[in-house]
Amino acid sequence: SFVAQYPDSFDGWYRLGWARMITGRSEPAIQAFQKVLEIDPKSSGAYINIASAYSGLRKPGEAVANYEKAFALEPNALYGQFVNHEYGFTLITLGEVPRAEEAFRKMLLRDDPSKARAHRSLALLRMYQGKYAEAIPHLKEAILVNQALKATLSELRDRMYLARVYRTKGMVAAFEAELHAAGQIHATAVVSPDWSFHLARMYARDGKLEEAGLVLQKAEKALSDTSAMSSVNRDTRRDQALIETLKGEVELAGSRPAHATEILEVASRLFPDPTIMESLANAYWKLGNREEAARNYQKLVETPRLGAESQEDWILAHYQLGRIYQQAGDDTQARQYYEKLLAIWKDGDPDLPAVVDARKQLVRLRR
């Protein structure tokens, strides 16, 4: 209504573009930011948001081109904490890993908040490469910096990443210790349900039903708390879907996979999200429904989201598909997905349990 009355308003078009972008309407967002550029061709922020929207459309080439137009206008835009991370992982999507690492390392030369974010970005890059041992010191350093800054949410998130690293490495004692540390932070912090979700899911899958239930209760209370620490584009519909997903995870951990899949199907329709897809696929796998498990893991494989919590879910979905097809007697498909996992983690730690098992199964399948 505002831009209809004031079609030359820079702020009006900018805010309209932002509102469209954070609600997942990428193409209309691009149109709005292009209007911004008609009014002010030197708006680096408009180019950055167009880049983010193209990333949402899974068009990384167009995204990088617009990021670089922004940096040409405003070189310091590269050092925005969110921008640097998103730009780097868009480059990684295009296979330009050295350029991404260079961008992340530039942040190490700046202030402490930038250093903490750079260490997280570098850790996630190493995790993407399967180099989990190299991710550990980056996350530990990020945690120390965030403690000094009293950046509670960032520390919680980095501790949860570190817990995932230890779990994927098969380092049980270290995983348990880091999960406990994350739980202690969460107990006193006021956070939105999306951050509670990742902690509660780890508790549930580790068989800690009481702890998972307590986190779920806290997440439900935070659903309407607008003061809770959250992501920039918090979405109450997604929050509700994640709470339903957590309920499904608790049901699954309590050996009720049939009920869990019912809850998770509702959650996936409430908000289609890679995190929810993984939970649903895992529930069908536990239920013994290979067809539905494969269908949902396949959807996850087709929607990569690098540089965030769902990155590892996307990679390990290849391994899960290999297991499912092997059980079903489809050796060709099983080999294909085991090989895809090993291709993604070709330079990774050789002792990762998923890598060790994928190699072992490929030997069996080739006999």
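Above this note sits the structure.
Rules of the game
Residues numbered from 1 in each chain as written. Predicted model: local features only at pLDDT ≥ 70, side-chain atom pairs only at ≥ 80, totals over all residues. Heavy atoms only, no water. Core = buried A, V, L, I, M, F, W, Y, C linked by side-chain atoms within 4.5 Å. Buried < 20%, exposed > 50% of the residue type's maximum accessible area, 1.4 Å probe, protein only. Helix = DSSP H or I, 4+ residues; strand = E, 2+ residues; numbered from the N terminus. Phe/Tyr/Trp six-rings, centres within 6.5 Å; stacked < 30°, edge-to-face > 60°. Salt bridge = Lys/Arg side-chain N within 4 Å of Asp/Glu carboxyl O. Expected span 1.5 Å × (residues − 1). Bend = angle between axes of the 7 residues up to and from the residue. Contact = heavy atoms within 4.5 Å. Axes fitted to C-alpha atoms, helices over the stretch in contact; angles between N-to-C directions. Parallel < 35°, antiparallel > 145°, perpendicular 65-115°, else oblique. Left-handed = near helix turned anticlockwise from the far one by under 90°. Nonpolar A, V, L, I, M, F, W, Y, C, P; charged D, E, K, R; others polar.

Caption draft 1: The arrangement of the nonpolar core in detail. Counting 108 residues, the largest nonpolar core has Tyr67, Phe71, Tyr87 and Ile92 as its most contacted members. In terms of residue count, helix H10 (residues 152–169) provides more of this core than any other element does, 8 residues in total.

Caption draft 2: Focus on the packing of aromatic side chains. According to the stated counting rule, one finds 10 aromatic pairs in the structure shown. Aromatic side chains Phe10 and Tyr14 sit 5.7 Å apart centroid to centroid with 25 degrees between the ring planes, which places their arrangement in the stacked category. Note that Phe10 and Tyr14 are positioned in helix H2 (residues 10–22) at a spacing of 4 residues, about one turn of the helix. Overall, Phe10 belongs to the partly exposed group, its relative accessible area being 27%. The interplanar angle of 80 degrees and the centroid separation of 5.6 Å between the aromatic rings of Tyr132 and Trp345 together place this pair among those described as edge-to-face. With Tyr132 in helix H9 (residues 132–149) and Trp345 in the loop between helix H19 (331–344) and helix H20 (353–365), this residue pair connects regions lying 213 residues apart in the sequence. On the accessibility criterion, Tyr132 (1% relative accessible area) is buried. Pairwise contacts between aromatic rings join Phe10, Tyr14 and Phe33 into one cluster.

Caption draft 3: Representation of the pattern of salt bridges within the structure. Under the counting rule described, the total for this entry stands at 30 salt bridges. With its nearest N and O atoms 3.1 Å apart, the salt bridge here joins Arg126 to Glu134. Owing to a relative accessible area of 8%, Arg126 belongs among the buried residues under this scheme. One salt bridge in this structure joins Asp313 and Arg164, with 3.3 Å as the shortest N-O distance. A residue pair is termed long-range when its members are at least 10 positions apart, and Asp313 in helix H18 (residues 310–327) and Arg164 in helix H10 qualify at 149 residues. Comparing Asp313 with Arg164 shows no difference in burial state: the two are buried. In this structure, a network of salt bridges that share partners links the residues Arg164, Arg167, Arg201, Arg205, Glu249, Glu278, Glu312 and Asp313.

Caption draft 4: Quick look at H18. Counted at 1.5 Å a residue, the expected span for H18 with its 18 residues is 26 Å, and the 25 Å between its end C-alpha atoms agrees. The largest bend along H18 reaches roughly 30 degrees and is located at Leu316. The buried fraction of H18 amounts to 14 of the 18 residues, a majority that puts the element mostly inside the structure. Just beyond H18, the residue with positive phi is Gly329, at close to 85 degrees.

Caption draft 5: Spotlight on the environment of Tyr47. Checked against the element boundaries, Tyr47 lands in helix H4 (residues 44–56). With a relative accessible area of 16%, Tyr47 lands in the buried category. Contact partners of Tyr47, with chain neighbours within four places excluded, come to Leu37, Pro41, Asn66, Lys69, Ala70 and Leu73.

Caption draft 6: The packing of H2 against helix H3 (residues 26–39), seen in detail. Where H2 meets H3, the closest approach of the two axes is 8 Å, and the angle between their N-to-C directions is 160 degrees. It follows that H2 is roughly antiparallel to H3 by the angle criterion. Considering how the two elements wind past one another, H2 and H3 form a crossing that is left-handed. Residues Phe10, Trp13, Tyr14, Leu16, Gly17, Trp18, Arg20 and Met21 of H2 pack against Pro28, Ala29, Ala32, Phe33, Lys35, Val36 and Ile39 of H3. Residue composition of the contact of H2 with H3, by class: 12 nonpolar, 1 polar and 2 charged.

Caption draft 7: Fine view of the environment of Ala294. Looking at the element boundaries, Ala294 is found in helix H17 (residues 290–301). Its relative accessible area of 8% is what places Ala294 among the buried residues. Between the alpha carbons of Ala294 and Ala281 there is a distance of 7.1 Å; along the sequence they are 13 residues apart. For Ala294, the contacting residues outside a window of four places in its chain are Leu321, Ile324 and Tyr325.

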